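Fold and geometry: a report
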Amino acid sequence: MVQVHQTDFSTGSVQRNIIEVAIPMIAAQLLNLLYNIVDRIYIGRIAGEGTLALTGVGLCFPLITLITAFSLLFGNGGAPLCSIERGKGNEKEAEMLMGNTFALLLITGVILTVLGLIFYRPVLYAFGASDVTFPYAQEYIRIYLLGTIFVMIVLGMNNFLSAQGFGNMSMLTVLLGAILNIILDPLFIFGFHLGVQGAAIATVISQACSAVWVFCFLKGPKAILHLTTKSMVLKLWRVKKIVSLGMAGFVMAFTNGLVQVVCNATLQNFGGDLYVGVMTILNSVREIFNMPIQGLNNGASPVMGFNYGEKAYGKVKKAIFFTSAVGIVYTLAAWLVVKLFPEFFIQIFNGDQELISACVPALHIYFFGFCFMALQFSGQCVFTALGKAKKATFFSLFRKAIIVVPLTLWLPHVGGLGVYGVYWAEPISNLIGGCACFITMLVTVLPELNGKKKITGR
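Here the structure is a predicted model, which means the values were calculated and not measured.

Details of the packing of aromatic side chains
Within the structure shown, the criterion is met by 20 aromatic pairs. On the numbers, 5.9 Å between centres and 20° between planes, the contact of Tyr 140 with Tyr 144 is stacked. Here Tyr 144 and Tyr 140 lie together in helix H5 (residues 134-144), a separation of four residues that amounts to about one turn. Judged by relative accessible area, Tyr 140 falls into the buried class, the value being 1%. Under the relative-accessibility criterion, Tyr 144 is labelled buried at 4%. Seen from their ring centres, Phe 383 and Phe 395 are 6.0 Å apart, and the 5° between their planes marks the pair as stacked. Residue Phe 383 is found in helix H14 (residues 372-385), and its partner Phe 395 is found in helix H15 (residues 389-410); the two are separated by twelve residues along the sequence.

Below, the structure written as structure tokens:
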């Protein structure tokens, strides 16, 4: 029987509370990464066609990212509001926010499934597919889209487990699907000889099991807040609050998809299918190193939100400084590891020597100044956790849409940089966007917290 542990955000040190929630969240984020990473590892090793198959699946990332964006729109909007209401002692409204979020995820999941199945062909070609890579992308995305609702429930509703202090249950939600995916991937890809289709089938089954798990827990007696039919009745004012705060996560994910589209199209123009494959590996390695810092901030968000609602402003400040310091140290270490061992991370996905040769210099450029990503994550986390929707949304849009996209289109033409110009857009945006977001957070949020009556909490 699974032991359920609930962290009380109103007692103990804020650092301990963050760690209690963040550790299982980090584990959950890393496990969630396995859904896509394991697919790519196995796909990249399909005999005779691994490189092309990997490139084809990489072309599906923007569509997958779009599904993630809508999950974050509702999940990252509803969960922080839920934490704030719990801090105020308003459990009823917290439960209504959770139910409305679930209803929005279901409705949007159905719409995205239908639209995706209708329009995936022109969309994939617009994303940089060639006649050679399109069949692989098509095989994967047609099946993946059938599991859209499951993906959205897992990504959107798992936040509400953490918002209630159930970090270990949040981790187990993802662990269930990740283990299933690891087992089913080789079975369907190689055992049943289904190739790329097998990877998609394994992912859908795994996500479905995780979705059932989180749904049953939120309906069960151990949860503090419960999914009820009454709580799922949508109210326009409540939906507006959820969407307003969740827009930051949506914009971040949506613009990530936009960047992937622009990068793939530009790389196809300047380098061809090989460099689209390189971009697939760069994104995969970045996800590996992003997940721990995302898990840390996702774990800190409900703690900050609860204490902000409880008016324990001193604890909020401690949480900000703690997560920022840990994030900076971690990303500096990650940058060093990638700098020293680039081939190790590339060979996780594919051992083709031509691909490795093209990937090593790209990886060095792409991860240059990776530590500035910690500033972006920390600033975004604080804005979202405290319900500051406008600032959170602006800085999500600023780094990707305003900086990365124009640079990706312009730099390849500068000084004959070509494909390397695409790779340089990322570190430049990390520096400008990360610093702008973090400094703005410091000069706006800290004076606000200092100016309010300090309450240490219960």
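Some details on helix H10 (residues 273-309)
In this model, H10 (37 residues) spans 51 Å end to end at C-alpha, consistent with the 54 Å of a helix rising 1.5 Å per residue. Where H10 bends most, the angle comes to about 35°, and this point is Asn 290, followed within four residues by the proline Pro 292. Extensive coverage of H10 is indicated by the burial of 33 of its 37 residues. Where H10 terminates, the next one or two residues include Lys 311, which has phi positive at roughly 70°.

Some words on the pattern of salt bridges
If you walk through the whole model with that rule in mind, you get eight salt bridges. We note a salt bridge from Arg 16 to Glu 20, for which the minimum N-O separation is 3.7 Å. Placement of both Arg 16 and Glu 20 in helix H1 (residues 14-43) is noted, with a separation of four residues, approximately one turn of the helix. Exposure remark for Glu 20: the relative accessible area of 29% places this residue in the partly exposed category. Its salt-bridge partner being Glu 426, residue Arg 399 comes within 3.6 Å of it at the nearest N-O pair.

Quick look at the nonpolar core
Tyr 140, Met 157 and Tyr 423 are the most contacted members of the largest nonpolar core, which has 139 residues in total. If you tally residues by element for this core, the top one is H10, at 16 residues. If sequence neighbours within four positions are ignored, Met 157 has contacts with Met 98, Thr 101, Phe 102, Leu 105, Met 152, Val 214, Leu 218 and Leu 227.

Quick look at unusual backbone geometry
Most peptide bonds adopt trans geometry, and most residues besides glycine take a negative phi value. Its identity as a non-glycine residue notwithstanding, His 193 has a phi of 55°, on the positive side. On the secondary structure map, His 193 appears in the loop between helix H7 (167-191) and helix H8 (195-219). The phi torsion at Lys 311 lies on the positive side, around 70°, for a residue other than glycine. Positionally, Lys 311 belongs in the loop between H10 and helix H11 (313-340).

Focus on a nonpolar patch on the surface
On the surface, Ile 107, Val 110, Ile 111, Val 114, Leu 115, Ile 118, Phe 119 and Leu 234 cluster together into a nonpolar patch covering about 700 Å² of accessible area. Position of Ile 111 among the secondary structure elements: in helix H4 (residues 91-126). A relative accessible area of 45% places Ile 111 in the partly exposed class.

About the thresholds
Residues numbered from 1 in each chain as written. Predicted model: local features only at pLDDT ≥ 70, side-chain atom pairs only at ≥ 80, totals over all residues. Heavy atoms only, no water. Phe/Tyr/Trp six-rings, centres within 6.5 Å; stacked < 30°, edge-to-face > 60°. Helix = DSSP H or I, 4+ residues; strand = E, 2+ residues; numbered from the N terminus. Buried < 20%, exposed > 50% of the residue type's maximum accessible area, 1.4 Å probe, protein only. Expected span 1.5 Å × (residues − 1). Bend = angle between axes of the 7 residues up to and from the residue. Salt bridge = Lys/Arg side-chain N within 4 Å of Asp/Glu carboxyl O. Core = buried A, V, L, I, M, F, W, Y, C linked by side-chain atoms within 4.5 Å. Contact = heavy atoms within 4.5 Å. Patch = residues over 30% accessible without salt bridge, like charges linked within 9 Å, V, L, I, M, F, W, Y side chains within 5 Å. Areas by Shrake-Rupley, 256 points an atom, 1.4 Å probe, with all protein chains shown as cover.

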